[in-house]
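Each chain, letter by letter, is given below.
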Amino acid sequence: MTTTLPFGVHYGVSDDAYHADPAPRPSLSSTLARVVLDHSPLHAWWAHPRLNPDFEPVEKKTFDIGRAAHRAVLGAGGDYVAIPEEMLASNGAASTKAAKEFIGAARSVGQTPLKVSEVSQIEAMRERVHARLAEMQIELDSSCSETVVLADVEGTVCRVMIDNAPRDPRLPLYDFKTTTDACPDHCTRAVMNYGYDVQAAFYLEAWKAATGEDRAFRFIFQEKAAPYEVCIVELSSDDLDMARKKTRRAREIWQQCISSGHWPGYPAGIHRVELPAWFQERWLERESSEGEYRRRYGHDILDQARRWQSPIAAE
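Residues numbered from 1 in each chain as written. Predicted model: local features only at pLDDT ≥ 70, side-chain atom pairs only at ≥ 80, totals over all residues. Heavy atoms only, no water.

J.: Hey, could you run me through the packing of helix α8 (residues 196-211) against helix α9 (residues 237-260) in this one?
T.: For any two helices packed against each other, the geometry comes down to the angle between their axes and how far apart the axes lie. Relative to each other, α8 and α9 sit at 75 degrees, their axes nearing to 8 Å. Compared by their axis directions, α8 and α9 come out roughly perpendicular. For the pair formed by α8 and α9, the contact residues are D197, V198, A200, A201, F202, L204 and E205 on the first element and L240, A243, R244, K246, T247 and R251 on the second. Of the residues belonging to the contact of α8 with α9, the class tally is seven nonpolar, one polar and five charged. (Axes fitted to C-alpha atoms, helices over the stretch in contact; angles between N-to-C directions. Helix = DSSP H or I, 4+ residues; strand = E, 2+ residues; numbered from the N terminus. Parallel < 35°, antiparallel > 145°, perpendicular 65-115°, else oblique. Contact = heavy atoms within 4.5 Å. Nonpolar A, V, L, I, M, F, W, Y, C, P; charged D, E, K, R; others polar.)

J.: Is there a simple way to think about the nonpolar core in this case?
T.: Looking at soluble globular proteins, one finds that nonpolar side chains tend to be buried together. Counting residues in each nonpolar core, the largest one holds 38 residues, and the members touching the most others are I162, F221 and W254. Listed by contribution, the elements that provide at least two residues to this core are α2 (30-38), β4 (145-153), β5 (156-164), α7 (184-194), α8, β7 (217-223), β8 (230-233) and α9. In terms of residue count, α8 provides more of this core than any other element does, seven residues in total. Excluding residues that lie within four positions of it along the chain, W254 makes contacts with P26, S27, L28, L32, V36, A44, H48, L51, T156 and W263. A68, M125, F176 and V230 belong to the second-largest nonpolar core, a separate cluster that totals 20 residues. (Core = buried A, V, L, I, M, F, W, Y, C linked by side-chain atoms within 4.5 Å. Buried < 20%, exposed > 50% of the residue type's maximum accessible area, 1.4 Å probe, protein only.)

J.: Before we go on, may I ask you to explain the pattern of salt bridges in this structure?
T.: Here the idea is simple: oppositely charged side chains can pair when their charged atoms come close. Scanning the model with the defined rule gives 21 salt bridges in all. For D64, the salt bridge goes to R67, with nearest N and O atoms at 2.8 Å. Taken together, the positions of D64 and R67, both in helix α4 (residues 62-74) and three residues apart, correspond to about one turn of that helix. Between K208 and D214 there is a salt bridge, and its shortest N-O distance comes to 3.1 Å. The class of K208 is partly exposed, set by a relative accessible area of 41%. When its relative accessible area of 60% is taken as the criterion, D214 is described as exposed. (Salt bridge = Lys/Arg side-chain N within 4 Å of Asp/Glu carboxyl O.)

Spelled out as structure tokens, the structure:
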């Protein structure tokens, strides 16, 4: 049974309770807002725990490092536990019966099972990010981590779980991301590729609706491989203004679907697509280089490949 919470700011809400949607009515999250914008309302309905009667949460091994890193860095959320090495197969895989039983038991109580090497990785990440944040005089109070906000934003029920929301209204809200590359350029591409601009605007709007406060918002990106470097990103006011146009549209679509009970998928009909110029140019470049090869050597490049692969040539 889903626990219902009132509008406002809530501390100490579990991951499971949040993802089950504790709002008074089925709510829109920033993840679902991006699904609405990038896919369709039907996809968002399918991914909602209270709208889809057949909803099942997605569990992927690839989520484990990020989930454990959040716990280590933020001091909140489900804990992680090391799989005893003697339970692993000879090749190091967690494929034995004992390992699978251990993993199942850990997940059943909300723990993230990791190999010993992965635990060492998480601890190294924690040390590095804490050191880098201290250099920048940023302190993350664990009592403010994974703060849940439920709010009515322009008539739409919204929910967010903020990785760290300092109680001092002068300080920014923080979101922690693990990544393969935390250089500023890659972080910029990640913001564009994953819609993190929409996330930032959505969180700030929900926070203001619940508290009346205008805050800044920052992403903490950290690499998952040594040297576990860190980059902190804050979007410009122009980028946030544009992102607010997107969140406003997502809320409009959501509210219409909630009111009508109709959750459309992709538009019907035949969609004529036009491939980008660079895609066509890539083939033209290949065609040109192969033509130049024929003019220069008097035969097709494929003939040369056949000669290389023939048994006689191999001898």
